[in-house]
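Analysis of the macromolecular model
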Amino acid sequence: DAGVIQSPRHEVTEMGQEVTLRCKPISGHDYLFWYRQTMMRGLELLIYFNNNVPIDDSGMPEDRFSAKMPNASFSTLKIQPSEPRDSAVYFCASSGQGYEKLFFGSGTQLSVL
Amino acid sequence: SQQGEEDPQALSIQEGENATMNCSYKTSINNLQWYRQNSGRGLVHLILIRSNEREKHSGRLRVTLDTSKKSSSLLITASRAADTASYFCATDEGSNYQLIWGAGTKLIIKP
């Protein structure tokens, strides 16, 4: 298995633009997590899905953030409109054991200018 | 989200030496996990220890858990340059799959 695949690896955009981050989890994993990592706040859980259904989105910072999982092999995290404070590394992780043994993607480094 | 506490924040040792990092948490847990993050990469799961376990080994890794002190330690023996990374602990203290992550220990192995 290729592991969790995220795209793009790097994204540079201007304030106000829409940003879409993509994730392909490991086949067979029924949990998918979106995390954000910054130096100041560390790792923050934004949202997680179980069997494609969003379970807890309490970590989504604002209505500007939205996430979807239309099928078991694909998820998106969208920021519209983007702001400089959204600059961070966004990780997608999947698991076949709930919150035990998460497999992380390589992340998307987002820079909002 | 809340953060567990790890110490030290940074650790620099010579190749071949042992590296020990610690993690403390606040409330009761079912399990505690350790992850490694190489620069510019995602986190990689290293080991999980359950609350009824006191010690666990995996290769050169040794993890201990002291639930009375609410703390865990990760020992890497005979360190190698490739062990240079940040190491994070994560507990299931949170509700609804909110893992509580430590701030991480940055380990540098000098050749």
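Read on for a plain summary of the structure. Nothing here was measured: the structure is a model prediction, and the numbers come from that model. (Residues numbered from 1 in each chain as written. Chains lettered and ligands numbered in written order. Predicted model: local features only at pLDDT ≥ 70, side-chain atom pairs only at ≥ 80, totals over all residues. Heavy atoms only, no water.)

1. So, the overall build of chain B
Within chain B one finds 0 helices and 11 strands. Ordered by position from the N terminus, the helices and strands of chain B form the series β-β-β-β-β-β-β-β-β-β-β. Against the compact-globule benchmark of 13 Å for 111 residues, chain B has a radius of gyration of 13 Å, which places it among compact chains. A principal-axis box enclosing the C-alpha atoms of chain B has dimensions of 40 × 30 × 20 Å. The proportion of buried residues among the 111 residues of chain B is 45%. When contacts within chain B are restricted to residue pairs at least 6 apart in sequence, long-range pairs at least 24 apart make up 54% of them. Carbon and sulfur atoms provide 45% of the accessible area of chain B, an area that totals close to 5,400 Å². The average position of the 13 basic charges and that of the 11 acidic charges among the side chains of chain B differ by 3 Å. (Helix = DSSP H or I, 4+ residues; strand = E, 2+ residues; numbered from the N terminus. Rg over C-alpha atoms; globule rule 2.2 N^0.38 Å. Buried < 20%, exposed > 50% of the residue type's maximum accessible area, 1.4 Å probe, protein only. Contact = heavy atoms within 4.5 Å. Areas by Shrake-Rupley, 256 points an atom, 1.4 Å probe, with all protein chains shown as cover. Lys, Arg positive; Asp, Glu negative; His and termini not counted. Charge placed at Lys NZ, Arg CZ, Asp CG, Glu CD.)

2. A word on the overall build of chain A
Secondary structure summary: chain A contains 0 helices and 11 strands in total. What you see in chain A, going N to C, is helices and strands ordered as β-β-β-β-β-β-β-β-β-β-β. Dimensions of chain A, computed from C-alpha atoms along their principal axes, come out at roughly 35 × 25 × 25 Å. Sequence separation of 24 or more characterises 53% of the internal contacts of chain A that already satisfy a separation of 6 or more.

3. Some thoughts on the environment of A:S87
Residue and element names in this part refer to chain A. Tracing the backbone through its elements, the reader meets S87 in the loop between strand 8 (74-79) and strand 9 (88-95). Using a relative accessible area of 29% as the deciding quantity, one classes S87 as partly exposed. In sequence terms S87 and E11 are 76 residues apart; their C-alpha atoms lie 9.6 Å from each other. Dropping the residues within four chain positions of it, S87 is found in contact with T38, L110, S111 and V112. Looking at S87, its side chain comes within polar contact range of the main-chain nitrogen of V112, at 2.9 Å. (Polar contact = N/O pair within 3.5 Å; in protein donor to acceptor, adjacent residues only side chain to side chain.)

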